[in-house]
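Chain by chain, the residues run as shown.
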Amino acid sequence: MKKIITIAGSNSQNSINKSLLSYTSGLLKNVDIISIDLNDCVLPIYGVDFEDENGIPAAIKRLSELFDKADGFIIALAEHNGTYTAAFKNTLDWLSRVNIKIWRDKPMLLIATSPGARGGTSVLQAAVTYFPYLGGHVVADFSLPNFHDNFSRDKISDDESNEELSKKIMLFERHLNN
């Protein structure tokens, strides 16, 4: 069975991106989902001086080892001021110190949502551009605009968006099995 690591790029307990991620990962078939919560590995702000004095945090070493075993990733990107949250970016910075190819050239599905009409498209664009430098093989991305209008009762209520997400998931699954 394929192992899929899911990460919500937010440390908010009430993250709408975590809700979208939970829904999305539930649509996959015949996979083992390994869900990473950024709140489970609280990290110091990355800095060379800190690393020189203290080394790489044990939580990052464990996370990197887990990434070695993944067959693919689904990342829900919360957007703060048009880019990644500080917690997510800091995690990436630490992970890159263990292996610059953070994503191990494995298939990735990137998703984002926001309360507004753009649905996190700025952070998605940033990730689609940047993740290949970190070993990311982005096979699809999906944006859900106007979260509170298009998501209710733990699912996407907009049929067109639901159909689009289903297509992206099928593409992701196809890459997992290649």
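Look above for the structure.
Residues numbered from 1 in each chain as written. Predicted model: local features only at pLDDT ≥ 70, side-chain atom pairs only at ≥ 80, totals over all residues. Heavy atoms only, no water.

A. Representation of the nonpolar core in the model. In terms of nonpolar packing, the biggest core is built from 31 residues, with I7, F67, I75, L77, F88, W103 and F131 touching the most fellow members. The contact partners of F67, leaving out residues within four places of it in the chain, are I5, I7, F73, L95, I102, W103 and R104. (Core = buried A, V, L, I, M, F, W, Y, C linked by side-chain atoms within 4.5 Å. Buried < 20%, exposed > 50% of the residue type's maximum accessible area, 1.4 Å probe, protein only. Contact = heavy atoms within 4.5 Å.)

B. A look at unusual backbone geometry. Phi is positive for R104, which is not a glycine, with a value near 60°. Positionally, R104 belongs in the loop between α4 (86–98) and β4 (107–113). Non-glycine residue N146 carries a positive phi angle of around 45°. For N146, the location among the structural elements is in the loop between β5 (137–144) and α6 (147–150). (Helix = DSSP H or I, 4+ residues; strand = E, 2+ residues; numbered from the N terminus.)

C. Here's a closer look at the sheet that holds strand β2 (residues 31–36). Spatially, β2-β1-β3-β4-β5 is the arrangement adopted by the five strands of the open sheet, whose pairing is parallel. At either end of the open sheet lies a strand with only one pairing partner, and these are β2 and β5. Averaged over all neighbouring strand pairs, the angle between strand axes comes to 20°, with direction disregarded. In terms of strand pairing, strand β3 (residues 72–76) meets β4 through four bridges, oriented parallel. Its bridge partner being in β4, I75 is matched across the sheet by L110. With respect to the sheet, helix α7 (residues 159–176) is in contact with β1 (2–8), β3, β4 and β5, its orientation differing from that of β5 by roughly 165°. (Pairing = 2+ DSSP bridges. Axes fitted to C-alpha atoms, helices over the stretch in contact; angles between N-to-C directions.)

D. Region of interest: the pairing of β4. Burial of β4 is extensive: seven of the seven residues sit out of reach of the surface. Burial along β4 is two-sided: P107, L109, I111 and T113 and M108, L110 and A112, pointing in opposite directions, are all buried. Following the backbone out of β3, through α4 and into the adjacent parallel β4, one traces a crossover that is right-handed. In this structure, β4 lies alongside β5, joined through seven bridges in parallel fashion. Residue L109 lies in a different strand from β5, and its bridge partner there is A140. As a crossover connection, the stretch from β4 through helix α5 (residues 121–130) into β5 is right-handed. (Right-handed = clockwise from strand over helix to strand, strands pointing away.)

E. How the structure looks around the packing of aromatic side chains. If you walk through the whole model with that rule in mind, you get 13 aromatic pairs. Consider the rings of Y46 and W94, whose centres lie 4.8 Å apart with planes at 85°: the pair is edge-to-face. Linking Y46 in the loop between β2 and α2 (48–54) with W94 in helix α4, this pair joins segments that are 48 residues apart in sequence. With centroids separated by 5.9 Å and ring planes inclined at 80°, the aromatic side chains of F50 and W94 adopt a geometry described as edge-to-face. Residue F50 is located in helix α2, and its partner W94 is located in helix α4; the two are separated by 44 residues in the primary sequence. Each member of the aromatic cluster is reached from another via a ring pair, and the members are F67, F73, Y84, F88, W103, Y130 and F131. (Phe/Tyr/Trp six-rings, centres within 6.5 Å; stacked < 30°, edge-to-face > 60°.)

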